[in-house]
Amino acid sequence: MANVRELLGRLNQQTIRYDVGRGGIAELTNQDIAAALAFVEPGLGRELLEACWWPDGAALRRKQLRDQVLALVQPELRRQCRALEEARIDVGIAKACIGWGGAATAEQARELERATARLERAAAECWPRTTLESLPTLAQAVIREIAHPNLCSDCEGRGHRVAGELVVACIACSGHGITPMSDRKRAAAIGRDESTYRQTWRGVYQWLLVRMRDAESQAAAQLAAALSRAA
Ligand SMILES: [Zn+2]
């Protein structure tokens, strides 16, 4: 199967020839590809597939992409808020127990310590306050990274290497074919300096990247399956 992403990128051409394996060449028209796209489950993955590989099509679907990205982050933002609030209440309760009268017991002191540590952890795990305002920039940067991945230099993006008569998984990239983009590049892509990126934005960027890349991969696999049925 040819790379379905490349295929999608060539959607403006009238007829596309691509190798279907076993030496066969199929002629695919725009209608074939559009029809196959309809078999890709609607949702984040499909919007990303178009945003990454068929920008002309995605330009008409900005609102859908926005809604899907918002739907992705909303539960996580709410979870973080709840976790922070609950941790604050736990610290308050631990303090109230101590302040109720009489000397604080060792157990009460330990409970306050534990609750304070939980609060610090919850606060550290929270995304920046301005995450929602920065979401369009973050999403664009993530989409660019998915569409222009850093190909592994050891295996040139193949994920495997030929050693003698054996095909072995590439050690440098663990067989993925791509290596992570540097913090410096990611920081530049979202208009921050590297230390601010590391301190503040890395968590949310990586969270988005993992989920958006997975969604895009699943959609690409569905498109590939639909195209091989059409061929
Ligand atoms: Zn590699």
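Residues numbered from 1 in each chain as written. Predicted model: local features only at pLDDT ≥ 70, side-chain atom pairs only at ≥ 80, totals over all residues. Heavy atoms only, no water.

Caption draft 1: Seen up close, the side chain of Glu47. Counting through the fold element by element, Glu47 comes out in helix H3 (residues 44-53). We classify Glu47 as buried; its relative accessible area is 6%. Side-chain polar atoms of Glu47 contact the side chain of Arg61, separated by 2.6 Å. Among all residues touching Glu47, those that are not within four sequence positions of it are Arg61, Gln64, Leu65 and Gln68. (Helix = DSSP H or I, 4+ residues; strand = E, 2+ residues; numbered from the N terminus. Buried < 20%, exposed > 50% of the residue type's maximum accessible area, 1.4 Å probe, protein only. Polar contact = N/O pair within 3.5 Å; in protein donor to acceptor, adjacent residues only side chain to side chain. Contact = heavy atoms within 4.5 Å.)

Caption draft 2: Seen up close, the confidence of the model for the chain. When pLDDT is averaged along the chain, the result is 88; 92% of the residues meet or exceed 70. Counted against residues more than four places away or in other chains, residues 19-25, with its pLDDT under 50, gives ten contacts. (pLDDT = per-residue confidence, 0-100.)

Caption draft 3: Up close: the packing of H3 against helix H7 (residues 131-147). Taken N-terminus to C-terminus, the directions of H3 and H7 make an angle of 70°; their axes are 9 Å apart at the nearest point. Comparing the axis directions of H3 and H7 gives the class roughly perpendicular. Contacts between H3 and H7 involve Leu48, Ala51, Cys52 and Trp53 from the former and Ile143, Ile146 and Ala147 from the latter. Of the residues in the contact of H3 with H7, the class split is seven nonpolar, no polar and no charged. (Axes fitted to C-alpha atoms, helices over the stretch in contact; angles between N-to-C directions. Parallel < 35°, antiparallel > 145°, perpendicular 65-115°, else oblique. Nonpolar A, V, L, I, M, F, W, Y, C, P; charged D, E, K, R; others polar.)

Caption draft 4: Layout of the pattern of salt bridges. Per the counting criterion, the structure on display carries 18 salt bridges. Linking Arg88 and Glu85 is a salt bridge whose minimum nitrogen-to-oxygen distance equals 2.7 Å. Note that Arg88 and Glu85 are positioned in helix H5 (residues 62-99) at a spacing of three residues, about one turn of the helix. Relative accessible area serves as the criterion here: at 43%, Arg88 is assigned to the partly exposed category. Take Glu85: its relative accessible area is 40%, and that puts it in the partly exposed class. One connected set of salt bridges, linked through shared partners, spans Asp90, Glu107, Arg110, Glu111, Arg114 and Arg118. (Salt bridge = Lys/Arg side-chain N within 4 Å of Asp/Glu carboxyl O.)

Caption draft 5: Looking closely at H3. Within H3, ten of the ten residues are buried, which leaves the element mostly enclosed by the surrounding structure. Leu44, Gly45, Arg46, Glu47, Leu48, Leu49, Glu50, Ala51, Cys52 and Trp53 are the residues of H3 that are buried.

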